[in-house]
Amino acid sequence: MIKVEFLGPINKDSIELDVKNLKQLKEILQKDKSLKEWLELCAISLNDEMLFDENASFKDGDKICLLPPVCGG
């Protein structure tokens, strides 16, 4: 199981899923209409490291975060 956290304005509770990689995770999350748009905008981290490879393997206990874009001044 991995833990998925939704940060900032996404405003969703964390969930735990049994998925093997980012590609599989995205397929599941896109089924939630409120997350579909966020998936196109967010960066994704795996255990606090940016994740770009959709085929990177997840291990039991990994933490995934959806990081929405921010702006500041």
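Everything numeric here is computed off the predicted structure, so don't read it as measured data.

*Asks:* Can you walk me through unusual backbone geometry in this structure?
*Replies:* Leave glycine aside and you will find that most residues have negative phi; peptide bonds, for their part, are mostly trans. Even without being glycine, Asn47 reaches a positive phi, approximately 50°. The topology assignment puts Asn47 in the loop between β3 (43-46) and β4 (49-50). At Asp48, a position not held by glycine, the phi torsion is positive, near 70°. With respect to the helices, strands and loops of the structure, Asp48 is situated in the loop between β3 and β4.

*Asks:* Just to check I follow, could you spell out the pairing of β3 for this structure?
*Replies:* Note on strand geometry: in a regular strand, side chains alternate between the two faces of the sheet. For β3 and strand β5 (residues 63-67), the ladder comprises four bridges, and the chain directions are antiparallel. If you follow Ser45 over to β5, its bridge partner there is Cys65. Hairpin connection of β3 to β4: two residues between the antiparallel strands, including Asn47 at a positive phi of 50°.

The rules behind the values
Residues numbered from 1 in each chain as written. Predicted model: local features only at pLDDT ≥ 70, side-chain atom pairs only at ≥ 80, totals over all residues. Heavy atoms only, no water. Helix = DSSP H or I, 4+ residues; strand = E, 2+ residues; numbered from the N terminus. Pairing = 2+ DSSP bridges.

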